[in-house]
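Spelled out from the first residue to the last, the chains are:
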Amino acid sequence: MTPGDRYGYLVVLRESSRAANYGRRYVCLCACGTETTQRWQDLRVGSVVSCGCIGALGRQAARNALRVRA
């Protein structure tokens, strides 16, 4: 995972220093402008696609976009 990678509405900015017991985490910028820290596994599988600002329809659209790119 490198800065600039896009996962749904999130763009990876950098690796977080808060890796502790949960594995790698990345600081991401959401399309709404909010910075959020997410686990890399959640980003990869598409279970997290925003900071929480979008509803179910937006999550489904982001997952569909991931499938089209693959």
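Just so it is clear, the structure is predicted and the values come from calculations on it, not from any experiment.

### Concerning the pattern of salt bridges
- If you walk through the whole model with that rule in mind, you get 3 salt bridges.
- Residue Glu15 pairs with Arg24 through a salt bridge whose shortest N-O separation is 3.4 Å.
- The class of Arg24 is partly exposed, set by a relative accessible area of 47%.
- Across the pair Asp42 and Arg39 runs a salt bridge whose closest N-O atoms are separated by 3.2 Å.
- Given a relative accessible area of 18%, Asp42 falls into the buried group.

### Looking at the nonpolar core
- Counting residues in each nonpolar core, the largest one holds 8 residues, listed as Tyr7, Leu10, Val12, Tyr26, Cys28, Cys30, Leu43 and Val48.
- With 3 residues, the top contributor of residues to this core is strand β3 (residues 25-30).
- Those residues in contact with Tyr7 that lie beyond four places of it in its chain are Met1, Val12, Leu43, Arg44 and Val49.

### A look at the sheet that holds strand β1 (residues 6-7)
- If you walk across this open sheet you meet the 4 strands as β1-β2-β3-β4, and the pairing is antiparallel. The sheet is open, and its two edges are formed by β1 and β4 (35-39), each paired on a single side.
- Direction of pairing for β1 relative to strand β2 (residues 10-15): antiparallel, over a ladder of 2 bridges. Its bridge partner lying in β2, Tyr7 is registered against Leu10.

### Topic: the confidence of the model for the protein chain
- Across the protein chain, pLDDT averages 82, with 84% of residues at or above 70.
- Confidence, expressed as mean pLDDT per element, reaches its minimum in the protein chain at helix α2 (residues 56-69) with 70 and its maximum at β2 with 93.

Analysis parameters
- Residues numbered from 1 in each chain as written.
- Predicted model: local features only at pLDDT ≥ 70, side-chain atom pairs only at ≥ 80, totals over all residues.
- Heavy atoms only, no water.
- Salt bridge = Lys/Arg side-chain N within 4 Å of Asp/Glu carboxyl O.
- Buried < 20%, exposed > 50% of the residue type's maximum accessible area, 1.4 Å probe, protein only.
- Core = buried A, V, L, I, M, F, W, Y, C linked by side-chain atoms within 4.5 Å.
- Helix = DSSP H or I, 4+ residues; strand = E, 2+ residues; numbered from the N terminus.
- Contact = heavy atoms within 4.5 Å.
- Pairing = 2+ DSSP bridges.
- pLDDT = per-residue confidence, 0-100.

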